[in-house]
Amino acid sequence: NRGDIFGILGAILAGAAYTSVRELTKHYDLRIIVLSFMIPGVLVPLSLMIGANFIEMRYLSFLISSFKMPSFYLYDDIIMLGITSTLGQYLMTKSYSYAPAKIVGTFSYSSIIFSALIGIFIFSDPLPDIATIFGAVLIVIAGVLIVKR
């Protein structure tokens, strides 16, 4: 499944990025590091949206699609999303500058639990099935074992 491949690739790239952040903070200002993470996050989707006007790939339609102007009523949501994601990236980068990646990474596993709870209680998502719960528990246990090692 291509979604699985992108999920695994994303996890590997995120792991490599956050492992290198601690070393980068010894040589660069925190704002430069955050900006260097954000530039590809703007340029890659922008190039995919522009490319979608010239290339049609049905099997990559989940990745390459043309730009659609958002509704005026969504602008406050988009602005808040930008502010909170920038703040989150800054604080995450700062935390990786103070502690090893294996320690900080373990705390980020709590996002699995919070995401599920927010989905269930705010967005009325269905309760996760037993396989999803088992997978989340395995990820959290693996993180705790890494820290203890």
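In this text, all values refer to a predicted model and were calculated from it rather than measured experimentally.

Let's talk about the overall build of the protein
Moving on, step 1. Helix and strand content of the protein: 6 helices and 0 strands.
Moving on, step 2. What you see in the protein, going N to C, is helices and strands ordered as α-α-α-α-α-α.
Moving on, step 3. Dimensions of the protein, computed from the C-alpha atoms along their principal axes, are close to 50 × 45 × 30 Å.
Moving on, step 4. For the protein, the residues scored as buried account for 11% of the 149 residues in total.
Moving on, step 5. Across the protein, every contact between residues at least 6 apart in sequence was considered, and the portion connecting residues at least 24 apart equals 59%.
Moving on, step 6. Roughly 11,600 Å² of accessible area belongs to the protein as shown, and the carbon and sulfur atoms make up 73% of that amount.
Moving on, step 7. Averaging the coordinates of the 10 positive side-chain charges in the protein and doing the same for the 8 negative ones gives two points 12 Å apart.

Overview of the packing of helix 2 (residues 30–52) against helix 3 (residues 75–98)
Moving on, step 1. As a packed pair, helix 2 and helix 3 sit with axes 10 Å apart at the nearest point and diverge in direction by 125 degrees. In terms of their interaxial angle, helix 2 and helix 3 are classed as oblique. The interaxial crossing formed by helix 2 with helix 3 has right-handed handedness. In this structure, helix 2 contributes Leu30, Ile33, Val34, Phe37 and Met38 to the contact, and helix 3 contributes Thr86, Gln89, Tyr90, Thr93 and Lys94.

Here's the deal with the packing of aromatic side chains
Moving on, step 1. The final tally for this structure, using the stated rule, is 2 aromatic pairs.
Moving on, step 2. Residues Phe72 and Tyr73 carry aromatic rings whose centres are separated by 6.0 Å and whose planes lie at 75 degrees to one another, so their mutual orientation is edge-to-face.
Moving on, step 3. Assessed through its relative accessible area of 68%, Tyr73 is described here as exposed.
Moving on, step 4. Between Phe72 and Tyr75, the aromatic rings sit 6.1 Å apart at their centres with planes inclined by 65 degrees, giving edge-to-face as the arrangement.

Section: the pattern of salt bridges
Moving on, step 1. Within this structure, the stated rule accounts for 2 salt bridges.
Moving on, step 2. We note a salt bridge from Lys26 to Glu23, for which the minimum N-O separation is 3.3 Å.
Moving on, step 3. We classify Lys26 as exposed; its relative accessible area is 57%.
Moving on, step 4. For Glu23, a relative accessible area of 41% translates into the label partly exposed.

Description of the side chain of Thr93
Moving on, step 1. One can find Thr93 in helix 3.
Moving on, step 2. Look at Thr93 and you get buried, because its relative accessible area is 0%.
Moving on, step 3. At a separation of 2.7 Å, a polar atom in the side chain of Thr93 contacts the main-chain carbonyl oxygen of Gln89.

With respect to the confidence of the model for the protein
A low pLDDT score tells you not to read the predicted coordinates there in detail.
Moving on, step 1. For the protein, the average pLDDT comes to 85, and 100% of its residues sit at 70 or higher.
Moving on, step 2. Least confident of the elements in the protein is helix 4 (residues 101–108), whose mean pLDDT is 77; most confident is helix 3, at 91.

A look at the environment of Ile8
Moving on, step 1. Looking at the element boundaries, Ile8 is found in helix 1 (residues 2–24).
Moving on, step 2. Among the residues examined, Ile8 registers a relative accessible area of 54% and is labelled exposed.

Procedures and definitions
Residues numbered from 1 in each chain as written. Predicted model: local features only at pLDDT ≥ 70, side-chain atom pairs only at ≥ 80, totals over all residues. Heavy atoms only, no water. Helix = DSSP H or I, 4+ residues; strand = E, 2+ residues; numbered from the N terminus. Buried < 20%, exposed > 50% of the residue type's maximum accessible area, 1.4 Å probe, protein only. Contact = heavy atoms within 4.5 Å. Areas by Shrake-Rupley, 256 points an atom, 1.4 Å probe, with all protein chains shown as cover. Lys, Arg positive; Asp, Glu negative; His and termini not counted. Charge placed at Lys NZ, Arg CZ, Asp CG, Glu CD. Axes fitted to C-alpha atoms, helices over the stretch in contact; angles between N-to-C directions. Parallel < 35°, antiparallel > 145°, perpendicular 65-115°, else oblique. Left-handed = near helix turned anticlockwise from the far one by under 90°. Phe/Tyr/Trp six-rings, centres within 6.5 Å; stacked < 30°, edge-to-face > 60°. Salt bridge = Lys/Arg side-chain N within 4 Å of Asp/Glu carboxyl O. Polar contact = N/O pair within 3.5 Å; in protein donor to acceptor, adjacent residues only side chain to side chain. pLDDT = per-residue confidence, 0-100.

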